[in-house]
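Residue-level listing of the chains:
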Amino acid sequence: MPLPSVDIPTTPLARPVSMASATPISPSIPPLATLSAIEQSKRLAAYTAVDKHILPEHKVIGIGSGSTVPYVVERIVSQGAELNKDRVFIPTGFQSKELIVLSALNLGDVDQYPTIDVTIDGADEVDHELNCIKGGGACHLREKVLAEAAKTFILVADYRKNVKYLGTNFTPGVPIEVVPFAYAKVLQNMHHILGSPRATLRMAVAKAGPVVSDNGNFIIDAPFDNGQMKEPLGIMARIKMLTGVVEVGLFCHMAQAAYFGNQDGSVTVKRKVEKGKIEEAVIAAGGQF
Ligand SMILES: O=C(CO)[C@H](O)[C@H](O)COP(=O)(O)O
């Protein structure tokens, strides 16, 4: 089915205001003309994915985490209050919950809505089979629950995330959420059993001590060599078997499509077609698929 062309406005979209504080949505989103090339690529990917996948009949929508997702929400808001008033939006963590609330969209949770029509999320890297690394923002437990709950799971990212094999540009490694008291044991397992000798506990930047996830857990980042990353499903399964691991930031065979904004204004689309085959195509700048 042809993808629609994407009309990227050159002036800021009308911004909805918070019900509580009249704070503009994502005050960090400037007009397109002032966005860096990377930010323009993220916005292009997000807008294209929303136009293609968030349709009037979709009423329960999962909203992922990261710096690309505010553009997803911005585009959904631009579909209008009439459409959005009957929808409920499910967040993957604190950041997306704030985005939903500040955009005056209806907030729900996955325990109320265990079946989601469409979830759109960012990714740290996506390979040629639509496997991805997630968890750069330490949200991958909830992100995976919302990906699994969704009838359709869609990824959005800039061109740097589009790779053949995971670990090409994203080098910190596979994010692993662990219960705090088990972190030293899991680190030891990663070093000596799982083949990731450089695995480390993720430390906070503006706080002493480790990063603590929205679920109160720690994060281990485990780099693997290129050969190992050719089989992400196997790595994911082996890590997940370790006692103390809550979730692994490898999402294997979960996404139906990934949209990558390119520097020249085109969008690369990888999508699952029949029998799990992945097809890659490019939507020309301002053009048709
Ligand atoms: O997995 C994630 C958070 O846990 C993010 O989706 C991922 O880190 C991508 O973020 P960005 O859009 O900022 O590149």
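Each chain has its residues counted from 1, running along the sequence as written. Selection of residues for local features in this predicted model requires a pLDDT of at least 70, selection of side-chain atom pairs for listing and counting requires 80 or more, and totals for whole chains, interfaces and linings are taken over all residues. For the side-chain quantities, the full set of heavy atoms in the structure was used; hydrogens and water were omitted.

An unreviewed UniProt entry annotates the chain as Ribose-5-phosphate isomerase of Serpula lacrymans var. lacrymans. UniProt positions are given in the numbering used here, feature names are shortened, and annotations may be inferred rather than shown by experiment. Looking at the Catalytic activity (unreviewed entry) heading of the UniProt record, one finds this comment for the chain: "aldehydo-D-ribose 5-phosphate = D-ribulose 5-phosphate". We quote the UniProt Sequence similarities (unreviewed entry) comment for the chain here in full: "Belongs to the ribose 5-phosphate isomerase family."

Moving on to the domain arrangement of the chain. What the domain assignment reports for the chain is domain 1 (32–163 + 253–283) and domain 2 (174–248). Should any heavy atoms of two residues lie within 4.5 Å, those residues are considered in contact. Counting from both sides, the interface comprises 16 residues of domain 1 and, opposite them, 16 residues of domain 2. Of the roughly 1200 Å² buried where domain 1 meets domain 2, counting both sides, 58% is carbon and sulfur surface. We count a salt bridge whenever a side-chain nitrogen from Lys or Arg sits within 4 Å of a carboxyl oxygen from Asp or Glu. In this structure, the connection of domain 1 to domain 2 is made through one salt bridge. Notably, a salt bridge pairs Lys 144 with Glu 247, separated by 3.0 Å at the nearest N-O pair. What qualifies as a polar contact is a pair of N or O atoms within 3.5 Å, subject to a donor-acceptor requirement within protein and to the restriction that residues adjacent in sequence count only when both atoms come from side chains. Joining domain 1 to domain 2, the criterion identifies nine residue pairs in polar contact (both at pLDDT 80 or more). Charged means Asp, Glu, Lys or Arg here, nonpolar means Ala, Val, Leu, Ile, Met, Phe, Trp, Tyr, Cys or Pro, and polar covers whatever is left, Gly included. Counted by class, the side of domain 1 that touches domain 2 contains five nonpolar, seven polar and four charged residues. Where a domain begins and ends is set by an automatic assignment or by a domain database. For any pair of parts, buried area is found by adding up, for both, the accessible area (1.4 Å probe) each one loses once the two are put together.

Let us now look at the sheet that holds strand 13 (residues 267–272). Pairing between strands is defined by DSSP: at least two bridges between the two strands are required. Numbering of helices and strands runs from the N terminus, with a helix taken as a DSSP run of H or I at least four residues long and a strand as a DSSP run of E at least two residues long. Strands sit in the order 2-1-3-6-12-13-14 across an open sheet of seven strands; the sheet is mixed. Two strands in the sheet have a free side with no partner beyond their single neighbour: strand 2 (88–91) and strand 14 (278–283). For this sheet, the mean angle separating the axes of adjacent strands, direction not counted, is 20°. Here strand 1 (residues 60–63) runs beside strand 3 (residues 116–121); their pairing, made up of three bridges, is parallel. Here the axes come from fitting lines to C-alpha atoms, over the contacting stretch only for helices, and the angles between their N-to-C directions go from 0 to 180 degrees.

The next thing to look at is the site of the ligand. Any residue with a heavy atom lying within 4 Å of a molecule or strand is counted as near it. In the region of the ligand, 16 residues are neighbours, and Ser 65, Ser 67, Thr 68, Asp 124 and Lys 161 sit closest. Within the contact set of the ligand, an oxygen atom lies 2.8 Å away from a backbone nitrogen or oxygen of Gly 135. Contact between the ligand and Glu 143: an oxygen atom at 3.1 Å from a side-chain N or O atom of the residue. Shrake-Rupley sampling with a 1.4 Å probe provides the accessible areas, and residues are treated as covered by the protein chains on show and by no other component. In the complex, the protein chains occlude 90% of the 380 Å² of accessible area that the ligand would expose alone. A class-by-class count of the residues in the shell around the ligand yields three nonpolar, eight polar and five charged.

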